[in-house]
Amino acid sequence: RMEAVILAGGKGTRLKPYTSVFPKALVPLGDMPVLELILRQLRGCGFTRVTLAVGHLAELIEAYFGNGSKLGIELRYVFEEQPLG
């Protein structure tokens, strides 16, 4: 079983004003969010589970991806209560 951890909790300050409304992980790259592209690539390489370390606007990431079943990958979330830098 291959697993990965993705740090997706940053505020994305260099991408403002886009990241004022939604997290950096959901910024579109072409026709889908950058995090979705990464998750699809990981699945294609044989990864079955990904843990997302989320913080800034985490609820939007969780609402978009849910448990990952739509992408064929198991997603787990670890929530950063306060930015740790």
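So, a few notes on the structure that sits alongside this text. This structure is a prediction, so every number in the text was calculated from the model and none was measured.

## Structural notes on the sheet that holds strand E5 (residues 74-79)
Each strand in a sheet pairs with its neighbour through backbone hydrogen bonds, running either in the same direction (parallel) or in the opposite one (antiparallel). Pairing in this open sheet of three strands is parallel, and the strands run E1-E4-E5 from one edge to the other. A single partner strand is all that each edge strand has here, and the edge strands are strand E1 (2-8) and E5. Across the sheet, the mean angle from the axis of one strand to that of its neighbour is 20 degrees, orientation sign disregarded. Relative to strand E4 (residues 47-54), E1 runs parallel, the two sharing seven bridges. Looking across to E4, one finds that Ala8 is bridged to Val54. Sitting on the sheet, helix H3 (residues 58-65) is in contact with E1, E4 and E5, with an inclination near 170 degrees to E5.

## Thoughts on the layout of surface pockets
For the largest pocket, the calculated volume is near 250 Å³. Lining the largest pocket are 13 residues, with Gly9, Gly10, Gly55, Glu80 and Pro83 sitting closest to its centre.

## Details of the pattern of salt bridges
Under the criterion given, the structure shown has five salt bridges. The partner of Glu74 in a salt bridge is Arg1, and the shortest N-O contact between them spans 2.4 Å. Of this pair, Glu74 sits in strand E5 while Arg1 sits in the segment before E1, and the two are 73 residues apart along the sequence. According to the relative accessible area criterion, Arg1 is exposed, its value standing at 64%. A salt bridge links Arg40 to Glu36, with the shortest nitrogen-to-oxygen separation between them at 2.7 Å. Residue Arg40 and its partner Glu36 are located together in helix H2 (residues 34-44), separated by four residues, close to a single helical turn. For Glu36, a relative accessible area of 8% translates into the label buried. A single network of salt bridges, built from pairs that share partners, joins Arg1, Glu3, Arg49, Glu74 and Arg76.

Rules of the game
- Residues numbered from 1 in each chain as written.
- Predicted model: local features only at pLDDT ≥ 70, side-chain atom pairs only at ≥ 80, totals over all residues.
- Heavy atoms only, no water.
- Pairing = 2+ DSSP bridges.
- Helix = DSSP H or I, 4+ residues; strand = E, 2+ residues; numbered from the N terminus.
- Axes fitted to C-alpha atoms, helices over the stretch in contact; angles between N-to-C directions.
- Contact = heavy atoms within 4.5 Å.
- 1 Å grid on protein atoms, 1.4 Å probe; cavity = no way out; pocket = protein on both sides within 12 Å on 5 of 7 lines; lining within 4 Å.
- Points joined across faces, edges and corners; volume = space filled by probe spheres on them.
- Salt bridge = Lys/Arg side-chain N within 4 Å of Asp/Glu carboxyl O.
- Buried < 20%, exposed > 50% of the residue type's maximum accessible area, 1.4 Å probe, protein only.

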